[in-house]
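An overview of the molecular structure
Given next are the chains, with one letter for each unit.
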Amino acid sequence: MTDKYAQLVNHGLGRNVARKLGLPQPAALRRYQPGQPLITGPVLVQGSSAGADTLATELLSWDLDVRRHAVPREKLGAIILVLDEVERPEDLEKPILVAGASLRDLAPGGRVLTVSRPAPEADSPAAAAARQGVDGFLRSLAKELRAGATGNGILLAEGVQVTSPGALAAVRFFLSGRSAFVDGQFLKISSPAGELSHNPEQPLAGKVAVVTGAARGIGAQIARTLHRDGATVVLVDLPAAGEHLAAVANEVKGTALQLDITREDAGQRILEHAMQRHGRLNIVVHNAGITRDKLLANMDQSRWSSVININIVAQLRINEALLGSEHFRGAPRIVSVASTSGIAGNRGQTNYAASKGGVMGMVRASAPLLAAVGGSINAVAPGFIETEMTERIPFALREIARRANSLQQGGRPGDVAEAIAFLVSDAAAGINGEVLRVCGQNMVGA
Ligand code: NAD
């Protein structure tokens, strides 16, 4: 599961050969390490709205080095473009070109962030054009960035301010190494709800979280990350994976629950375990999933139904049980793991893509149900992640899939886990019904 090509083209002779031949040279990404600064280097806040001023002031209180004007040739950690008041496409020109002039000074692993408003909520065609223009601009800019730098956008719904907790939580996530493999994406903050943690290193302290499919791969890493962030974790997996499950549970000082999530009473069993062993349940991460790839012309009933049952039907049934219980109250949070296959489609994966498209549909439609109990439900859609699942893809196909994103490399399970840990935190309460891609700006799909 190591990317030998990336190692080869970034050292010694391999680096020189790759440079001469113009081969992709994937950069080492700036990933989160507890205790490290949020970002190194000054943060340039561009934009002339009141929101730009209040954001700059807020960032100063985070002990960041903030600039409202670029200092020539000073290396920048990040550029934030606050475009929350654009009314016409012409309004984009000045802030964007001024930011563009600073791009050469962006440090490796730097960040570009836009803060704007959703086009569908605009009250005039010109305002909608300007807002949608930010979308096209940012996605293109993200493809121009190099050296592990990323570009992402925050969309503030009506009534949400630049310094609402959800917006600030998103700014913190995108600036940090937690978002290393999130690139070219927009995240909508739909309400001003949320509370920034007083302890950014342990934002999940006091929470009890369930992670399904936690014996290995992405699920095991989600369990480790939620534990690192302060949560007590219940790890769920099949009885056949019991040994691995127990090992990961021991590692994160959590409890193991051997359970097939397709059982009719799975939701009940999860609730009972969490209540009996830990006295509460705050967070559920639906990660367990399988692939059974075949072209549709060769698809048999068992391949189709097993994928649909595990990847989506089980989640619907578990959520129904959770939402029907008085124990899943008081800001409950659910995150489901979808896939870019469910957005862009993938040859040989009609069953898998239907199930993952289903996850995204479920999340959007369940958002009001969770909001009614003060909670939230979101999905992350990983692209190519280095796991046992992708290790089985034939070499040539794997190499193509791995490089077909703006960062020219596969993500790590930890990259998916970081996005989930952010979405289940109370600071992210204003994010509900969203799908966040963790795909390095995969070239396929939206
Ligand atoms: P994996 O196969 O390594 O792990 C999946 C885990 O789920 C296993 O431990 C398995 O035992 C468990 N599981 C399967 N069926 C179960 C059931 N009925 N009940 C309980 N547990 C069950 O997979 P992974 O690569 O870590 O993927 C995790 C999730 O991420 C999946 O939902 C997958 O679809 C999604 N995903 C992965 C990638 C990738 O590149 N690896 C990309 C996009 C999405």
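What counts, and at which threshold
Residues numbered from 1 in each chain as written. Predicted model: local features only at pLDDT ≥ 70, side-chain atom pairs only at ≥ 80, totals over all residues. Heavy atoms only, no water. Helix = DSSP H or I, 4+ residues; strand = E, 2+ residues; numbered from the N terminus. Rg over C-alpha atoms; globule rule 2.2 N^0.38 Å. Buried < 20%, exposed > 50% of the residue type's maximum accessible area, 1.4 Å probe, protein only. Contact = heavy atoms within 4.5 Å. Polar contact = N/O pair within 3.5 Å; in protein donor to acceptor, adjacent residues only side chain to side chain. Pairing = 2+ DSSP bridges. Axes fitted to C-alpha atoms, helices over the stretch in contact; angles between N-to-C directions. Core = buried A, V, L, I, M, F, W, Y, C linked by side-chain atoms within 4.5 Å. Domains from an automatic or database assignment. Arc of directions from axis to C-beta. Near = heavy atom within 4 Å. Areas by Shrake-Rupley, 256 points an atom, 1.4 Å probe, with all protein chains shown as cover. Buried area = accessible area lost by both parts, 1.4 Å probe. Salt bridge = Lys/Arg side-chain N within 4 Å of Asp/Glu carboxyl O. Nonpolar A, V, L, I, M, F, W, Y, C, P; charged D, E, K, R; others polar. Parallel < 35°, antiparallel > 145°, perpendicular 65-115°, else oblique. Left-handed = near helix turned anticlockwise from the far one by under 90°.

**What to know about the overall build of the chain**
The number of helices and strands found in the chain is 15 helices and 13 strands. Taken over C-alpha atoms, the radius of gyration comes to 22 Å for the chain, in line with the 22 Å a tight globule of 446 residues would show. Along the first, second and third principal axes, the C-alpha atoms of the chain reach 60 × 55 × 45 Å. Each of the 446 residues in the chain was classed as buried or not, and the buried ones make up 55%. Contacts in the chain between residues far apart in sequence, at least 24 positions, make up 74% of those at least 6 positions apart.

**Re the environment of asparagine 378**
In this fold, asparagine 378 is placed in strand β12 (residues 376-382). Placed 331 residues apart in sequence, asparagine 378 and glycine 47 show a C-alpha to C-alpha distance of 30 Å. The residues touching asparagine 378, leaving out its near neighbours within four places in the chain, are Ile334, Val335, Ser336, Val363, Leu423, Ile431, Asn432, Gly433 and Glu434. A polar atom in the side chain of asparagine 378 sits 2.8 Å from the backbone nitrogen of glutamate 434.

**Points about the sheet that holds strand β10 (residues 283-286)**
Spatially, β9-β8-β7-β10-β11-β12-β13 is the arrangement adopted by the seven strands of the open sheet, whose pairing is parallel. In this open sheet, the two strands that pair with only one neighbour each are β9 (255-258) and β13 (435-438). In this sheet, neighbouring strand axes are inclined to one another by 20° on average, regardless of whether the strands run parallel or antiparallel. Judged from the three bridges that link them, strand β7 (residues 208-212) and β10 form a sheet pairing that is parallel. Bridge assignment links valine 211 to a residue of β10, and that residue is valine 285. Each of β8 (232-237) and β9 is contacted by helix α8 (residues 242-251), which is oriented at about 160° to β9, the strand it contacts most.

**A few points about the nonpolar core**
Leu59, Ile80 and Leu226 are the most contacted members of the largest nonpolar core, which has 73 residues in total. If one sorts the elements of this core by residue count, helix α6 (residues 165-175) sits on top with eight residues. Residues from two domains meet in this core; each of domain 1 (35-189) and domain 2 (208-438) gives at least three. Once residues lying within four places of it in the same chain are set aside, the contact partners of isoleucine 80 are Val43, Leu44, Val45, Gln46, Leu55, Leu59, Leu113, Val115, Val171 and Leu175. In this structure, Leu257, Ala314, Phe328 and Val359 belong to the second largest nonpolar core, which totals 32 residues.

**Description of the pairing of β13**
Because side chains alternate across β13, one face comprises the buried residues Val435 and Arg437, and the other comprises Leu436 and Val438, equally buried. Two strands pair when backbone bridges link them, and β12 and β13 are joined in this way by four bridges, in the parallel orientation. Considered in β13, the bridge of valine 380 is made with leucine 436.

**Topic: helix α4 (residues 93-102)**
Every buried residue belonging to α4 is among Pro95, Ile96, Ala99 and Ser102, and all of these are buried. One side of α4 holds all its buried residues, which, seen down the axis, span an arc of 115°. Those residues of α4 that are exposed and aimed more than 90 degrees away from the buried face are Glu93, Lys94, Leu97 and Ala101. Turning to α4, the residues buried within the fold contact β1 (43-46), β3 (76-82), β4 (106-116) and α5 (125-144).

**Description of the site of the ligand**
The environment of the ligand is formed by 25 residues, the closest being Arg216, Ile218, Asp237, Asn287 and Tyr352. A distance of 2.9 Å separates a nitrogen atom of the ligand from a polar atom in the side chain of aspartate 260. One of the backbone N or O atoms of isoleucine 385 is found 3.0 Å from an oxygen atom in the ligand. Here the ligand loses 94% of its free accessible area of 830 Å² to cover by the protein chains.

**Quick look at the environment of aspartate 65**
Mapped onto the elements of the fold, aspartate 65 is located in the loop between α3 (50-61) and β2 (66-67). Using a relative accessible area of 39% as the deciding quantity, one classes aspartate 65 as partly exposed. Spatially, the C-alpha atoms of aspartate 65 and glycine 324 are 48 Å apart, while their sequence positions differ by 259 residues. In this structure the side chain of aspartate 65 is engaged in a polar contact, spanning 3.0 Å, whose partner is the side chain of arginine 67.

**Looking at the domain arrangement of the chain**
Here the chain is described as being made up of domain 1 (35-189) and domain 2 (208-438). Listed per partner, the contact involves 19 residues of domain 1 and 23 residues of domain 2. Taken together, the two surfaces of domain 1 and domain 2 that pack against each other cover about 1700 Å², and 67% of this comes from carbon and sulfur. When the area that domain 1 buries against domain 2 is broken down by residue, the three leading residues are Arg178, Phe181 and Leu187, summing to 43%. At the boundary of domain 1 with domain 2, the tally comes to two salt bridges. The salt bridge involving arginine 178 is made with glutamate 418; its shortest N-O contact spans 3.3 Å. The tally of links from domain 1 across to domain 2 stands at two residue pairs in polar contact (both at pLDDT 80 or more). Among the secondary structure elements, those contributing two or more residues to the side of domain 1 that touches domain 2 are α5, α6 and β6 (186-189). A breakdown of the residues in the side of domain 1 that touches domain 2 according to their chemical character gives eleven nonpolar, four polar and four charged.

**Quick word on the packing of helix α7 (residues 217-228) against helix α15 (residues 413-423)**
Put simply, α7 and α15 touch, their axes get as near as 8 Å, and they point 50° apart. Taken together, the axes of α7 and α15 are oblique relative to one another. The handedness of the crossing between α7 and α15 is right-handed. On α15, the residues touching Gly217, Ile218, Gln221, Ile222, Thr225, Leu226 and Arg228 of α7 are Pro413, Gly414, Val416, Ala417, Glu418, Ile420 and Ala421. The residue makeup of the contact of α7 with α15, split by class, is eight nonpolar, four polar and two charged.

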